[in-house]
Amino acid sequence: MTQLPGAGHMLEMKGITKRFPGVIANENVHFDVVAGEIHTLLGENGAGKSTLMKILYGLYQPDEGEILLGGRPVNITSPANAIIHGIGMIHQHFMLVPTLTVAENVALGLKSTRGFLTDLKIVSKRIIELSETFGLQVNPFEYVWQLSVGERQRVEIIKALYRDASILVLDEPTAVLTPNEVDDVFVIFRKLANDGRGLIFISHKLQEVLDLSDRITVMRHGRVTGETTPAETSRNNLALMMVGREVKLAPDKQPVKTGRVMLKIEDLYIPGDRGRDAVQGINLEVRCGEVMGIAGISGNGQRELAEAIAGLRTPTSGKIIIDEQNTTGCRPGQVRKAGLSYVPEERMRDGAIGEFRIKENLILLNHNSRNFCHKGFLRFKQIQQHCEKLVKEYAVKTPDIETTTKSLSGGNIQKLILARELSSNPKVLVASQPTRGVDIGAAEYIHERISQQRQSGTASLVISEDLDEVMALSDRIAVMFDGKIMGIINRENATRESIGLMMTGEKQDSAA
Ligand SMILES: Nc1ncnc2c1ncn2[C@@H]1O[C@H](COP(=O)(O)OP(=O)(O)OP(=O)(O)O)[C@@H](O)[C@H]1O
Ligand SMILES: [Mg+2]
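A. The overall build of the chain, seen in detail. Across its full length, the chain carries 17 helices and 22 strands. Within the chain, the fraction of its 512 residues that count as buried is 48%. Sequence separation of at least 24 residues holds for 68% of the intrachain contacts in the chain that already meet a minimum separation of 6.

See the structure below:
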């Protein structure tokens with residue numbers, strides 16, 4: 001990678017302002033990147049981070065301000081144009097085409113820049129090289145729809161690496177990676193920076209930010225509120241800078257007396273998307289007032305398990321019982337009636353309808369409930385009050401509840417779905433990666449809510465790759481590997497190490 005002689009700033013964004021109806025997403029923002037550095041953008045959900053990066057990537061035009069690349073003002077008109085300027089971006093929400101293969105997806109990104117270079121053999125070969133060089137396991141011939149979230153993220157990273165961008169925007173790239181994968185990818189990021197690239201990193205995980213960054217810029221309500229470096233700051237200090245108050249980093253957990261078995265899973269086998277059973281003979285019991293954590297690296301059957309419980313995937317054999325009612329093979333609506341709330345892993349795809357208003361998504365699945373519908377008439381006032389309360393409690397950042405859902409920031413869409421699912425007081429809660437992508441303030445609140453549900457007798461299954469989260473919330477922890485449960489440990493006896501070993505299939509605990 002060649003550097004401009006005496007290159008200071010690769011990138012300068014000066015006085016950027018961007019308005020949306022009712023919101024100033026960016027207000028007079030200054031942001032710059034020096035070659036060779038990893039510069040983190042930190043801020044609460046809705047602070048304006050993605051907007052700033054979308055402006056850089058040509059997806060939005062700023063209302064005011066200018067962008068300079070290597071000291072020269074540029075007008076970035078589209079993503080294709082951004083790529084020509086050497087800017088690459090890994091989006092917060094996947095931009096891959098599910099019905100195409102990995103290689104086809106990577107080639108797709110290249111078409112606009114290199115014209116005819118669509119020879120899939122060449123692309124596949126290069127993907128394999130890249131995946132070997134950087135330890136990012138990806139099979140170029142698999143279809144994207146067959147991939148787990150973690151794998152899709154790896155494809156996004158490869159796609160960006162493939163283009164050899166000199167400025168790389170990473171919008172929450174680690175949100176979907178396991179701790180080990182994060183370590184690996186950090187080595188890659190550092191290599192890319194040392195090579196003279198400029199990396200812009202967005203993450204809600206403060207420890208990551210401290211580990212990886214050279215510089216940290218903090219945003220709040222669309223404005224830059226400060227700049228610091230890991231050497232000058234701390235987790236608590238960063239939390240304070242972004243939220244404006246102290247944040248508890250783990251919830252208080254009261255002892256709860258557990259009751260009868262609410263969710264029972266018997267010898268369950270569930271088909272996967274790749275022609276073999278993704279879940280192979282699972283047995284689980286979750287009692288009232290109990291949180292069962294499911295730890296494991298994504299792609300080991302957790303998603304299929306959650307989907308089967310929610311009625312979105314029909315098991316090959318075995319039984320799912322909710323409050324003594326056999327719900328195996330039932331439709332999602334019937335399972336909900338039996339008492340299930342479900343927070344899906346891919347909330348953008350499975351949890352909300354982007355075109356709907358916020359309030360419509362908030363009552364999407366319980367609009368028939370008596371609170372909201374009387375003798376066939378919707379009770380608008382009740383709906384309005386309920387939705388306004390949820391938006392306030394969960395601090396969903398929006399001008400009002402009439403706003404279209406897809407215009408919310410990534411984290412705020414997550415909060416919206418959590419608000420809906422946690423507010424219905426379910427018998428059984430299945431939550432996949434409940435705090436992925438939400439800021440620390442919101443994570444704190446969501447953890448509190450899950451703990452409250454536990455207190456009020458809900459049986460919860462919390463599926464998470466985040467070991468800290470599993471340890472903080474669970475009473476017992478089941479570790480999944482390759483479609484099976486490697487062991488179930490009481491929280492008191494669990495250590496990060498013992499769980500970590502089981503996550504990679506190395507140790508089987510029989511104390512289930
Ligand atoms: N296309 C849009 N139309 C209307 N409002 C938008 C649009 N895109 C973003 N916004 C609003 O702009 C604000 C900033 O959103 P942005 O996505 O930049 O936040 P963010 O810092 O990336 O948050 P998160 O951590 O949740 O991803 C939010 O209030 C959001 O609702
Ligand atoms: Mg964002």
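Resuming the write-up.
B. Looking closely at the site of ligand 1. Around ligand 1 lies a shell of 21 residues, among which Asn45, Ser50, Ser407, Ser409 and Gly411 are the nearest. Mapped onto the shell around ligand 1, the elements with two or more residues apiece are strand E2 (23-34), helix H1 (49-56) and helix H14 (410-422). Grouping the constituent residues of the shell around ligand 1 by class yields five nonpolar, 13 polar and three charged. The residue makeup of the shell around ligand 1 includes at least three contributed by each of domain 1 (9-243) and domain 3 (346-425).

C. A look at the pairing of strand E14 (residues 317-322). One ladder, built from five bridges, connects strand E11 (residues 261-271) with E14; its direction is antiparallel. Bridge assignment links Ile265 to a residue of E14, and that residue is Ile320. Connecting E14 to the next strand, strand E15 (residues 325-326), in antiparallel fashion are two residues, including Asp323 with a positive phi near 50°.

D. Quick look at helix H6 (residues 179-194). The first and last C-alpha atoms of H6 sit 23 Å apart over 16 residues, in line with the 22 Å expected at 1.5 Å per residue. Considered for burial, the residues of H6 that qualify are Glu181, Val182, Val185, Phe189, Leu192 and Ala193. Projected down its long axis, H6 carries its buried residues within an arc of 110°, all on one side. Exposed side chains of H6 directed beyond 90 degrees from the buried face belong to Asn180, Asp183, Val187, Lys191 and Asn194. Phi turns positive one or two residues past the end of H6, at Gly196, with a value near 105°.

E. Representation of the confidence of the model for the chain within the structure. Looking at the chain as a whole, the pLDDT averages 86, with 90% of positions reaching at least 70. Predicted confidence is poor over residues 1-6, with pLDDT under 50, and the contacts of this stretch with residues over four places away or in other chains come to seven contacts.

F. Just the packing of H14 against helix H15 (residues 440-455), in detail. Axis separation between H14 and H15 bottoms out at 11 Å; the angle between their running directions is 15°. Considering their axes alone, H14 and H15 lie roughly parallel with respect to each other. Seen from above, H14 lies across H15 with left-handed handedness. Touching Gly411, Lys415, Leu418 and Leu422 of H14 are Ala442, Ile446, Arg449 and Gln453, all from H15. Residues belonging to the contact of H14 with H15 are distributed by class as follows: four nonpolar, two polar and two charged.

G. How the structure looks around the sheet that holds strand E13 (residues 291-295). Here six strands make up an open sheet; going across it, the order is E16-E19-E20-E13-E21-E22 and the pairing mixed. With partners counted over all chains shown, the strands left at the sheet margins are strand E16 (340-343) and strand E22 (484-490), one partner each. Pairs of neighbouring strands in the sheet enclose a mean axial angle of 15°, with direction left out of account. One ladder, built from four bridges, connects E16 with strand E19 (residues 428-432); its direction is parallel. Within the sheet, the bridge partner assigned to Leu340 lies in E19 and is Val428. Relative to the sheet, H15 contacts E13, E19 and strand E20 (459-464), its axis offset from that of E20 by approximately 150°.

H. Structural context of the sheet that holds E15. One open sheet holds the four strands; their spatial order is E12-E11-E14-E15, and the pairing between them is antiparallel. What marks the edges here is a single partner per strand, and that holds for strand E12 (277-287) and E15.

I. Representation of the environment of Ser148 in the model. The residue Ser148 is located in the loop between helix H4 (120-134) and helix H5 (149-163) in this model. With 154 residues separating them along the chain, Ser148 and Gln302 place their C-alpha atoms 10.0 Å apart. Apart from residues no more than four positions distant in its own chain, Ser148 is found in contact with Ser298, Gly299 and Arg303.

J. Summary view of the environment of Gly226. When you line up the elements, Gly226 lands in strand E10 (residues 223-228). Residues Gly226 and Ile216, ten residues apart in the sequence, show an inter-C-alpha distance of 8.3 Å. Leaving out residues up to four positions away in the same chain, Gly226 has contacts with Val218 and Met241.

K. Highlighting unusual backbone geometry. Notably, Ala395 is not glycine yet its phi reads approximately 50°, a positive angle. Mapped onto the elements of the fold, Ala395 is located in the loop between helix H13 (380-393) and H14. Given 18 C-beta atoms within 10 Å, Ala395 falls into the partly exposed group. The backbone of Asn425 sits at a positive phi, close to 50°, despite the residue not being glycine. Take Asn425: there are 12 C-beta atoms within 10 Å of it, and that puts it in the exposed class.

L. Just the pairing of E10, in detail. In this structure, strand E9 (residues 215-220) lies alongside E10, joined through five bridges in antiparallel fashion. Counted as the bridge partner of Thr217 is Glu227 from E10. Between E9 and E10, which pair antiparallel in sequence order, lie two residues; one of them, His221, sits at a positive phi of approximately 45°.

M. Just the environment of Ile358, in detail. Tracing the chain through its elements places Ile358 in helix H12 (residues 358-362). On the basis of neighbour counts, which here come to 26 C-beta atoms within 10 Å, the residue Ile358 falls in the buried class. Remark: the alpha-carbon pair of Ile358 and Asp400, spanning 42 residues in sequence, is separated by 8.2 Å. Sequence-distant contacts of Ile358, that is, excluding residues within four places in its chain, are made with Cys387, Val391, Thr398, Ile401, Thr403, Thr405 and Leu416.

The rules we used
- Residues numbered from 1 in each chain as written.
- Chains lettered and ligands numbered in written order.
- Predicted model: local features only at pLDDT ≥ 70, side-chain atom pairs only at ≥ 80, totals over all residues.
- Helix = DSSP H or I, 4+ residues; strand = E, 2+ residues; numbered from the N terminus.
- Buried ≥ 20, exposed ≤ 12 C-beta atoms within 10 Å, placed from the backbone.
- Contact = placed C-beta atoms within 7 Å.
- Near = placed C-beta within 6 Å.
- Nonpolar A, V, L, I, M, F, W, Y, C, P; charged D, E, K, R; others polar.
- Domains from an automatic or database assignment.
- Pairing = 2+ DSSP bridges.
- Expected span 1.5 Å × (residues − 1).
- Arc of directions from axis to C-beta.
- pLDDT = per-residue confidence, 0-100.
- Axes fitted to C-alpha atoms, helices over the stretch in contact; angles between N-to-C directions.
- Parallel < 35°, antiparallel > 145°, perpendicular 65-115°, else oblique.
- Left-handed = near helix turned anticlockwise from the far one by under 90°.

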